[in-house]
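Here are the chains, one letter per residue:
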Amino acid sequence: MELKRGHVNPRSLALKTLLIWEKKKPPLDELLSEILTKEALRDERDRALVNNLVLGVVRHLGYLDFIINRYSQISLNRIDAEVRNALRLGIFQLLFTRIPDRVALAETLKILLQRGRAKWVRGFVNALLHRVSSAKSSLPEPPKAYPTLYLSVKYSFPQWLILKWQKRWSVEELEALLKAANEIPPLVVRTNITKISRDALLKYLQEERLSVKPCPYSPVGIIIEGFRGRVTDLRGFKEGFFSVQDSASQLVSLLLQPRPGERVLDACAGLGGKTTHIAEIAGNKVLLYAVELYPRRLELLKENFNRLNLTLPSIFTGDVLEVLSGFKKEYFDRILLDAPCTGTGIIRRHPDIKWTRTEKDLEKLPQKQLALLEGVAPYVKKGGVILYATCSLEQEENEDVVARFLEANPSFKLLKIKPLLCQLSGDRAEDLVENQYYFRTYPHKVGLDGFFSVVLERLA
Ligand SMILES: C[S@@+](CC[C@H](N)C(=O)[O-])C[C@H]1O[C@@H](n2cnc3c(N)ncnc32)[C@H](O)[C@@H]1O
């Protein structure tokens, strides 16, 4: 189908997005959302195509570059950014999608023509894509003799992370994790129980011919299978019947157990994914405080509260430790510290994490996490709790931070979370607990995002 004047070519937009991302490395979800809001695409299918192409290329970046290097006479770092990313887009379509090869080829050449690239450049791209297309059944493999390199190329992960994970998991388990982290996760939503029950929402969504099922782990979670399109267009979204949120993340706020009338602080609120949930759990009768560094995120938090018809919390922009200096000590009944982290547990939703995180982050972030935990601790009441959470799989950001905190703060102790998880997830709680005290999920074990949480009770 020909594009009408004024409609942007989705592949051209995918290329533009990849060029910006490669140069500046902004968070990819934010970049995509900004670009998809601004640009006039023809329809929902084109929007989905841009999304899938960009996320797909970033997800499989290492492998795509390996293939380019194998089939090109010019080495990858000598190919200019525009052609390099056009090649990645073309090869991604050839190897990872059901788009017919001739379409992938013709469309890649078309965007290069639109961008005024010379005939010889298009000839080079055309020849390379043809070679890959005809070698599909016998593509070269990375060298198995070098296991770190092999896994790094095959699953498109940086070598430093593979090396780190090799020390922790067996070959089989590591491959299962890498595979799961490369899969496109399902859409999961959280029922706004102040408006509708999960059963009623399931029926409501089924009436839209959506394939839905209750999440076996979260009592308010619904999995929507095979959904393509914009979540904001889903029936019930504008009415505030649900929020998009992975079940692991839902369970974190449920573990906090906020109750009506309590003072609860969300110390790193972000867009309010967990803040809104806290309000829902406490029947919208909680005295809620939300702190976040970035004002833009708090704007979105407010939108979420309004859409869900929940009372706005007291909102503070800035560093939570500075904000808290204006509060009395022991002010809160409960504090949620969903700390900034590497995010290695949510790579399947944010594949750019693979390429933007470095080993250095694993030195810097634990210091920041510990400083935040130490800093919020005096503001929780005796008998109150702090829930420390990350979406990282790394011990440095999880057990190690908690152990260092407990060593320096003997007035806190870890709570056993298994009984509560049994109430929330029934027999399946077993899958979610480690050492009685750690809530822990992995994409390859339970199909949830990778989260870690502990509940710290203040005794004195
Ligand atoms: C893991 S995210 C929070 C996600 C959020 N709780 C949710 O469920 O959607 C961590 C957030 O903490 C914010 N942040 C980082 N350092 C902070 C600080 N010192 N004070 C307040 N917020 C901070 C970051 O901007 C980021 O939005």
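These figures come from a predicted structure and were not determined experimentally.

(A) Seen up close, the overall build of the protein. Each helix and strand in the protein was counted, giving 20 helices and 13 strands. In terms of overall dimensions, the protein is globule-like: its C-alpha atoms have a radius of gyration of 24 Å, near the 23 Å expected for 460 residues. Expressed as lengths along the three principal axes of its C-alpha atoms, the size of the protein is roughly 75 × 50 × 45 Å. Sequence separation of 24 or more characterises 71% of the internal contacts of the protein that already satisfy a separation of 6 or more. Split by element, the accessible area of the protein, about 21000 Å² in all, is 51% carbon and sulfur. If you average the places of the 69 positive and of the 54 negative side-chain charges in the protein, the two averages end up 4 Å apart.

(B) Examining the site of the ligand more closely. As a structural note, the neighbourhood of the ligand is formed by 18 residues, with Lys274, Glu292, Arg297, Val320 and Asp338 the closest of them. Backbone polar atom of Cys268 to a nitrogen atom of the ligand: 3.2 Å apart, as the coordinates give it. Within the contact set of the ligand, a nitrogen atom lies 3.3 Å away from a side-chain nitrogen or oxygen of Lys368. Starting from 600 Å² of accessible surface for the ligand in isolation, the protein chains cover 86%. Those elements giving two or more residues to the shell around the ligand turn out to be helix H13 (273–281) and helix H17 (361–376). Along the lines of polarity and charge, the residues of the shell around the ligand split into nine nonpolar, three polar and six charged.

(C) Up close: the pattern of salt bridges. This model, assessed by the stated rule, comprises 40 salt bridges. The salt bridge involving Asp101 is made with Lys136; its shortest N-O contact spans 2.8 Å. Here Asp101, found in helix H6 (residues 101–114), pairs with Lys136, found in the loop between helix H7 (119–134) and helix H8 (147–154); they are 35 residues apart in sequence, far enough to count as distant. Judged by relative accessible area, Lys136 falls into the partly exposed class, the value being 35%. Salt-bridge contacts for Glu394 lead to Lys164; the nearest nitrogen and oxygen are separated by 2.7 Å. Taken as a pair, Glu394 in the loop between strand S9 (380–390) and helix H18 (399–408) and Lys164 in helix H9 (residues 159–166) lie far apart in primary sequence, 230 residues in all. Overall, Glu394 belongs to the buried group, its relative accessible area being 0%.

(D) Spatial organisation of H18. The complete set of buried residues in H18 reads Glu399, Val401, Val402 and Phe405. Viewed end-on, H18 has its buried residues packed into an arc of 165°, placing them on one side of the element. The outward face of H18, more than 90 degrees from its buried face, is lined by the exposed residues Glu407 and Ala408. Contacts from the buried residues of H18 go to H17, S9, strand S10 (412–414), strand S12 (438–440) and strand S13 (452–458).

(E) Region of the structure containing the pairing of strand S7 (residues 314–317). With four bridges connecting them, strand S6 (residues 287–292) and S7 associate as parallel partners. If you follow Val291 over to S7, its bridge partner there is Phe316. The parallel pair S6 and S7 is bridged by helix H14 (residues 295–307), and the resulting crossover is right-handed.

(F) Focus on the pairing of S6. Of all six residues making up S6, five are buried, and the element is well covered by its neighbours. Summarising the sheet, strand S5 (residues 263–266) and S6 pair through four bridges and their orientation is parallel. In the sheet register, Val264 faces S6, and the bridge partner there is Leu288. Remark: the S5/H13/S6 crossover connection has right-handed handedness.

(G) Seen up close, unusual backbone geometry. For Gln257, which is not a glycine, the phi torsion comes out positive at approximately 55°. Looking at the secondary structure, you find Gln257 in the loop between helix H12 (247–256) and S5. The phi dihedral of Asn284 falls on the positive side, at around 60°, and the residue is not glycine. In this structure Asn284 comes out as partly exposed when scored by relative accessible area, which is 25%.

Criteria and thresholds
- Residues numbered from 1 in each chain as written.
- Predicted model: local features only at pLDDT ≥ 70, side-chain atom pairs only at ≥ 80, totals over all residues.
- Heavy atoms only, no water.
- Helix = DSSP H or I, 4+ residues; strand = E, 2+ residues; numbered from the N terminus.
- Rg over C-alpha atoms; globule rule 2.2 N^0.38 Å.
- Contact = heavy atoms within 4.5 Å.
- Areas by Shrake-Rupley, 256 points an atom, 1.4 Å probe, with all protein chains shown as cover.
- Lys, Arg positive; Asp, Glu negative; His and termini not counted.
- Charge placed at Lys NZ, Arg CZ, Asp CG, Glu CD.
- Near = heavy atom within 4 Å.
- Polar contact = N/O pair within 3.5 Å; in protein donor to acceptor, adjacent residues only side chain to side chain.
- Nonpolar A, V, L, I, M, F, W, Y, C, P; charged D, E, K, R; others polar.
- Salt bridge = Lys/Arg side-chain N within 4 Å of Asp/Glu carboxyl O.
- Buried < 20%, exposed > 50% of the residue type's maximum accessible area, 1.4 Å probe, protein only.
- Arc of directions from axis to C-beta.
- Pairing = 2+ DSSP bridges.
- Right-handed = clockwise from strand over helix to strand, strands pointing away.

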